[in-house]
Every structure is written in C-alpha cells, then in structure tokens.
Amino acid sequence: MSNYFRFLPKIDYQLKVANTTVSPTLLEITNITSRAIFRDTISRVIGNEGIAYYPYSIQDGDRPDSIAEYYYGDSKYAWVVLYSNDIIDPLHDWPKTQAEFEGYIIHKYGSVAAAQSQIAEYEGVITDKTVRFDGEVIDERVVKLDSTAYTSYTGTKRTVTAYEKEERENDDKRQIRLLRKSLLQSAQKELSRAFVET
C-alpha cells in the first residue's frame, strides 16, 4: 500500500490555524483530487482495444496488495486495483473479512443476535429470479417499502434484518474490476505524464 500515493502529484497547501496568532504554514501534500485523471487516461490508453477491465470477485482475506501481486505480479500495483474501482478509503470501501464483519456487527449492534433480530428494511418482490431458456439469469427485482406500505402490499414481501442489510452491503463491495494486464505499463506511463502536467 506504500505505493498508493506515489504517482499522485504534490501541491503546496497553506495550513491556517483558526482563532490563533500562529503564522500559516506551507505544506507539500498529495493532490488526491488528481485521481479523476485516471479514467480519462485509461480511456486514451484503451483506444480501440475494447475491454479494459476484467471482473474480479474479492475472496475473504484478499487485500489490494495481494490481488495486485496475484494478477499483476507485483504488490506495488495495489494503487491500480484501488483506482480502477474508485476506492478512496480502503478501510471502509473494501469488503470486510468474515472475522472483521462479525466484529463490526458486534460493535455496532451489541451482538450478532441483536443484528439478526432488528428489522432494517421492508421489501416487496416485483419479479422473482428466473432463468431463461438460453441460460441467462434474470435477477429478482424488489422495491423498498416503508412499514405502512409493507402492511398493505399484496405481493410477496419480506423483512430484511440489520445483519442481512450489512451483509449485502459488504458483499456488494466484493465485485470489482481489474485493469487488463496488457494495459498496465502504457497506463502507468500515461498517468505519470498526466500527473506531471497537472
């Protein structure tokens, strides 16, 4: 993770302490707003090559550096994994391991049992999950309901516990995309050039 900010340009930032007579201090800091350049640069690098990213499902215990080591052959490309997925804060934007998730639930709700008994949302099912004749899976469609609408909803309906809601949100973070290996070197070169220009 030490390479995460390496390619970002530095800017001078004047730090002022409010309500004091302390003189402002000029600091050199990393310009994290330059992350926006990443997508534009990747678009230029791709050109007419088509697919730039491959889907990847994060497994329990995967980290950005371990995925970079596995896929790119070097953990220093963890920043590419994060940039490719607009992950700004790996502590909150990256999925928790099962052990971290359980600890989070206990800290937030007091116990797993409490989270499993607390209703967080109400859902009405619009269409069930189906598989077409050609094998294509069409996911279930649901609508969020408030407690009043839930009571009067005539279709299939269900409650979602706090535990289930938190688990869904954590699992949604597991689906990421990885920049194609063949684009890595040219993307890195373009990004270095783009960051120098900013």
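Refer to the structure presented above.
Peer 1: Describe the packing of aromatic side chains, and please don't skip the residues or the numbers.
Peer 2: In total, this model carries five aromatic pairs according to the counting rule given. Their ring planes at 70 degrees and their centres at 6.1 Å tell us that Y72 and Y77 sit as a pair that is edge-to-face. Accessibility classification places Y72 together with Y77 in one group, the buried group. Each residue in the set Y71, Y72 and Y77 is aromatic and connected to the rest through ring pairs, giving one cluster. One residue, K96, lies across the ring of Y104, its end atom 4.6 Å from the ring centre. The cationic tip of R177 hangs over the ring face of Y53; the distance from NZ or CZ to the ring centre is 3.8 Å.

Peer 1: Which residues make up the sheet that holds strand 7 (residues 141-145), and what values do they have?
Peer 2: An order of 7-4-8 is seen for the three strands of this open sheet, with the pairing classed as antiparallel. Both outer strands of the open sheet, strand 7 and strand 8 (157-161), are each paired with one neighbouring strand and no more. Neighbour to neighbour, the strand axes of the sheet diverge by 40 degrees on average, direction disregarded. Taken together, the five bridges between strand 4 (residues 119-127) and strand 7 define a ladder with antiparallel strand orientation. Bridged to Y122 within strand 7 is L145. The sheet contacts of helix 8 (residues 162-172) involve strand 4, strand 7 and strand 8, and relative to strand 8 the element is tilted by about 80 degrees.

Peer 1: Residue-level account of the nonpolar core, with values.
Peer 2: Side chains of nonpolar character tend, in soluble globular proteins, to be buried together. If you look at the biggest cluster of nonpolar residues, it comprises 24 residues, and the most contacted ones within it are I67, Y72, V81, W94, I176, L178 and L179. Contributing elements (two or more residues each) for this core: strand 3 (53-57), helix 2 (64-72), helix 3 (78-84), strand 9 (175-179) and helix 9 (184-197). Ranked by the residues each element gives to this core, the list is headed by helix 3, at five residues.

What counts, and where the lines are drawn
- Throughout this description, residue numbers start from 1 for each chain and increase along the sequence as written.
- Only residues with pLDDT of 70 or above have their local features reported here, since the model is predicted, and side-chain atom pairs are shown and tallied only from 80 upward, although totals for entire chains, interfaces and linings are computed over all residues.
- Only hydrogens and water are set aside; all other atoms, that is, all heavy atoms of the structure, feed into the side-chain values.
- Pairing of aromatic rings covers Phe, Tyr and Trp, the last counted by its six-membered ring, and requires centre-to-centre distances within 6.5 Å; plane angles under 30 degrees mean stacked, over 60 mean edge-to-face, and any other angle means tilted.
- Burial classes: relative accessible area under 20% of the type maximum marks a residue as buried, over 50% as exposed, and values in between as partly exposed (1.4 Å probe, protein chains only).
- Here, a charge over a ring is recorded when the distance from Lys NZ or Arg CZ to the ring centre is within 6 Å and its angle to the ring normal is within 35 degrees.
- Any two strands with at least two DSSP bridges between them are considered paired.
- Segments assigned H or I by DSSP are reported as helices when at least four residues long, segments assigned E as strands when at least two residues long, and all are numbered from the N terminus.
- The angle between two axes is taken between their N-to-C directions and runs from 0 to 180 degrees, where each axis is a line fitted to C-alpha atoms and a helix contributes only its stretch in contact.
- Contacts: residue pairs with any heavy atoms within 4.5 Å of one another.
- Throughout, nonpolar core names a set of buried Ala, Val, Leu, Ile, Met, Phe, Trp, Tyr and Cys residues whose side chains join them through atoms within 4.5 Å.

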